[in-house]
Amino acid sequence: MDINLTLVSFEFLLFMAVTAVLYYILPVKVRFAAILVANAFFLYCNNSYISLGIWFAMGLLTYISALLISKIKSNGGKKTVSIISVILLAGTLIMLQDSAFFKLPKFNVSPIGISYYTLSWIAYVLQVNWGMVDAE
């Protein structure tokens, strides 16, 4: 794909405008999915397949962790899964944000809003653990 959605291009402005319009015309229940698809498309257009893979892996980790927590009956098992999930999610975020400190190669494009998504995913896992929300 030859679309390069750099943050200072007309294509990016057009992309954001289309995304905003779609966001507001779609029903509230599917808005989150629209933002997820837009983020994935942005990463794909910028040839950041590693970042896209990391983003999807973190989302999958969150989904599986929440399902495991909802299925486990013992509080100790729920706590263990929650702690492992939070450590993996926060560790990935720290390594993405501070890759120079860990002597890792710098990614061309880190997933947009990776801090927001990671903290939201951590909050979701903890809320499932505490019984505040059901796993979805």
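See the structure above.
Because the structure is a prediction, the values reported are computed rather than measured.

Undergrad: So what exactly am I meant to see when it comes to the overall build of the chain here?
TA: Across its full length, the chain holds five helices and zero strands. Along the chain, helices and strands appear, N-terminal first, in the series α-α-α-α-α. Among the 136 residues that make up the chain, the fraction classed as buried is 30%. In the chain, 63% of the contacts between residues at least 6 apart in sequence involve partners at least 24 apart.

Undergrad: Which parts of the structure should I look at to understand the packing of aromatic side chains?
TA: One pair of aromatic rings is described through two measures. These are the centre distance and the angle between the planes. Counted by the stated rule, this structure contains seven aromatic pairs. Here Tyr116 and Tyr117 contribute two aromatic rings whose centre-to-centre distance is 5.8 Å and whose plane-to-plane angle is 65°, an arrangement assigned as edge-to-face. Take Tyr116: its relative accessible area is 58%, and that puts it in the exposed class. One residue, Arg31, lies across the ring of Tyr23, its end atom 4.9 Å from the ring centre.

Undergrad: Is there a simple way to think about helix α3 (residues 49-71) in this case?
TA: For an α-helix the count is 3.6 residues per turn, leaving residues at separations of three or four pointing the same way. With 23 residues, α3 extends 33 Å from end C-alpha to end C-alpha; this agrees with the ideal 33 Å at 1.5 Å per step. Within the span of α3, buried status applies to Ser51, Leu52, Trp55, Met58, Thr62, Ser65, Ala66 and Ile69. Tucked into the core, α3 has its buried residues touching α2 (28-45), α4 (75-97) and α5 (114-130).

Undergrad: Where do I start with the packing of α3 against α4 in this structure?
TA: To characterise two packed helices, one gives the angle between the axes of the helices and the distance between these axes. One can describe the packing of α3 onto α4 by two numbers: an axis separation of 9 Å at closest approach and a directional angle of 170°. Between α3 and α4, the angle is such that the two are roughly antiparallel. Contact residues: α3 offers Ile54, Met58, Leu61, Thr62, Ser65, Leu68 and Ile69, while α4 offers Lys78, Val81, Ser82, Ser85, Leu88, Leu89, Thr92 and Leu96. Each residue belonging to the contact of α3 with α4 can be placed in one class, and the counts come to nine nonpolar, five polar and one charged.

Quick notes on the rules
Residues numbered from 1 in each chain as written. Predicted model: local features only at pLDDT ≥ 70, side-chain atom pairs only at ≥ 80, totals over all residues. Heavy atoms only, no water. Helix = DSSP H or I, 4+ residues; strand = E, 2+ residues; numbered from the N terminus. Buried < 20%, exposed > 50% of the residue type's maximum accessible area, 1.4 Å probe, protein only. Contact = heavy atoms within 4.5 Å. Phe/Tyr/Trp six-rings, centres within 6.5 Å; stacked < 30°, edge-to-face > 60°. Lys NZ or Arg CZ within 6 Å of the ring centre and 35° of its normal. Expected span 1.5 Å × (residues − 1). Axes fitted to C-alpha atoms, helices over the stretch in contact; angles between N-to-C directions. Parallel < 35°, antiparallel > 145°, perpendicular 65-115°, else oblique. Nonpolar A, V, L, I, M, F, W, Y, C, P; charged D, E, K, R; others polar.

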